[in-house]
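# Structural description and commentary
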Amino acid sequence: SLRELVSTEGLEERVHFAGYHCAMSPVFAALDLVVIPSLSEGIPLVLLEALLHGKPVVATRVGGMPEVLTGELARWLVRPGDTAALAAAQVDALHHNNLRVAFGQVGARHVSQQFSSAHRAEHMVHVYQQVTMPPSSNTPSRHSRNVRFESRAGGRLSEEIGPRRDEWPCDA
């Protein structure tokens, strides 16, 4: 088991098995870096949450992660299954505090602007309008509407989709 491996390697003081937590904001606050070593993935909620909390991310280049981690945020994207590259990206991130802070700020801004529920809803309305347009027309059909969604929660995804996770009851 992982606990046995940590014990065998003498890492009990450095590796903590935190278990389940309702309040994630304090957990994210305690982190220097979030690592997502997935072999297969969509756009994981933990990726969006980490970035919204201003945490830089080391992740594998699978699913929707490259869609989120663009530009300078892609520095620590690695090929799936490449454990050496994953380890090297973590070491690089941990050795560059200024980059971690900057990427955290850029990531928070990027996710709140591009992946908010309001932005995604607008995108879906656009897709539906495109699907309902007659093929030879640039105008929506009589069944589509011009709809705009606006955030009332300051643009933070976690606030727009309902209560923050740290406000959920633990038994929910």
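Provided above is the structure to which this section pertains.
Quick summary incoming for the structure in this document. (Residues numbered from 1 in each chain as written. Predicted model: local features only at pLDDT ≥ 70, side-chain atom pairs only at ≥ 80, totals over all residues. Heavy atoms only, no water.)

As a further point, take the overall build of the protein. The number of helices and strands found in the protein is 8 helices and 3 strands. In the protein, the order of α-helices and β-strands from amino to carboxyl end is α-α-β-α-β-α-β-α-α-α-α. Split into buried and exposed, the 172 residues of the protein put 30% on the buried side. Counting only carbon and sulfur atoms, one obtains 54% of the accessible surface of the protein, whose full area is about 11,200 Å². (Helix = DSSP H or I, 4+ residues; strand = E, 2+ residues; numbered from the N terminus. Buried < 20%, exposed > 50% of the residue type's maximum accessible area, 1.4 Å probe, protein only. Areas by Shrake-Rupley, 256 points an atom, 1.4 Å probe, with all protein chains shown as cover.)

Bringing the packing of aromatic side chains into the picture now. Aromatic rings considered in pairs are described by the distance between their centres and by the relative angle of their planes. Summed over all chains, the structure comprises 1 aromatic pair. When the centroid spacing of 5.0 Å and the interplanar angle of 55 degrees are considered together, the rings of W76 and F103 count as tilted. Linking W76 in the loop between α4 (65-68) and β3 (77-78) with F103 in helix α6 (residues 97-114), this pair joins segments that are 27 residues apart in sequence. For the pair W76 and F103, a shared accessibility class is recorded, and that class is buried. (Phe/Tyr/Trp six-rings, centres within 6.5 Å; stacked < 30°, edge-to-face > 60°.)

This part takes up the sheet that holds strand β1 (residues 34-36). A sheet is described by the order of its strands in space; here 3 strands give the open sequence β1-β2-β3, paired in parallel fashion. Unpaired on one side and paired on the other, β1 and β3 mark the two borders of the sheet. Bridge count for strand β2 (residues 57-60) against β3 is 2 bridges, and the pairing is parallel. Counted as the bridge partner of T60 is V78 from β3. Across the sheet, helix α5 (residues 83-95) lies against β1, β2 and β3, angled at about 170 degrees from β2, the strand it touches most. (Pairing = 2+ DSSP bridges. Contact = heavy atoms within 4.5 Å. Axes fitted to C-alpha atoms, helices over the stretch in contact; angles between N-to-C directions.)

For the rest of this paragraph, the subject is the environment of G63. Position of G63 relative to the elements: it lies in the loop between β2 and α4. G63 sits 20 residues away from I43 along the chain, and the two C-alpha atoms are 6.6 Å apart.

Turning next to a nonpolar patch on the surface. A cluster of nonpolar side chains, contributed by L2, L5, L11, V15 and F17, occupies part of the molecular surface with about 420 Å² of accessible area. Inspection of the secondary structure puts L2 in helix α1 (residues 2-8). For L2, a relative accessible area of 58% corresponds to the exposed category. (Patch = residues over 30% accessible without salt bridge, like charges linked within 9 Å, V, L, I, M, F, W, Y side chains within 5 Å. Salt bridge = Lys/Arg side-chain N within 4 Å of Asp/Glu carboxyl O.)

What follows deals with α6. For α6, with 18 residues, the first-to-last C-alpha span of 25 Å sits near the 26 Å given by 1.5 Å per residue. Every buried residue belonging to α6 is among R100, F103, G104, G107, H110 and V111, and all of these are buried. Seen end-on, α6 carries its buried residues on one side only, within an arc spanning 140 degrees. Contacts made by the buried residues of α6 are with α3 (45-52), α4 and α5. (Expected span 1.5 Å × (residues − 1). Arc of directions from axis to C-beta.)

Counting residues in hydrophobic clusters, the biggest one holds 26 residues, and the most contacted among them are L47, V57 and L69. No other element matches α3, which puts 5 residues into this core. Look past the residues within four positions of L47 in its chain and what remains in contact with it is I36, V57, M65, V68 and L69. (Core = buried A, V, L, I, M, F, W, Y, C linked by side-chain atoms within 4.5 Å.)

Our focus in this paragraph is the side chain of K55. Tracing the backbone shows K55 in the loop between α3 and β2. In this structure, K55 is buried with no salt-bridge partner, the nearest side chain bearing the opposite charge being D32 at 5.9 Å. A distance of 3.4 Å separates a polar atom in the side chain of K55 from the backbone oxygen of F28. Once residues lying within four places of it in the same chain are set aside, the contact partners of K55 are F28, A29, L31, V34, A50 and G104. (Lys, Arg positive; Asp, Glu negative; His and termini not counted. Polar contact = N/O pair within 3.5 Å; in protein donor to acceptor, adjacent residues only side chain to side chain.)

For the rest of this paragraph, the subject is the side chain of T60. With respect to the helices and strands, T60 occurs in strand β2. For T60, a relative accessible area of 2% puts it in the buried group. Reaching out from T60, the side chain makes a polar contact with the backbone oxygen of S38 at a distance of 2.4 Å. Not counting residues up to four positions away in its chain, the partners in contact with T60 are I36, P37, S38, M65, L77, V78, R79 and P80.

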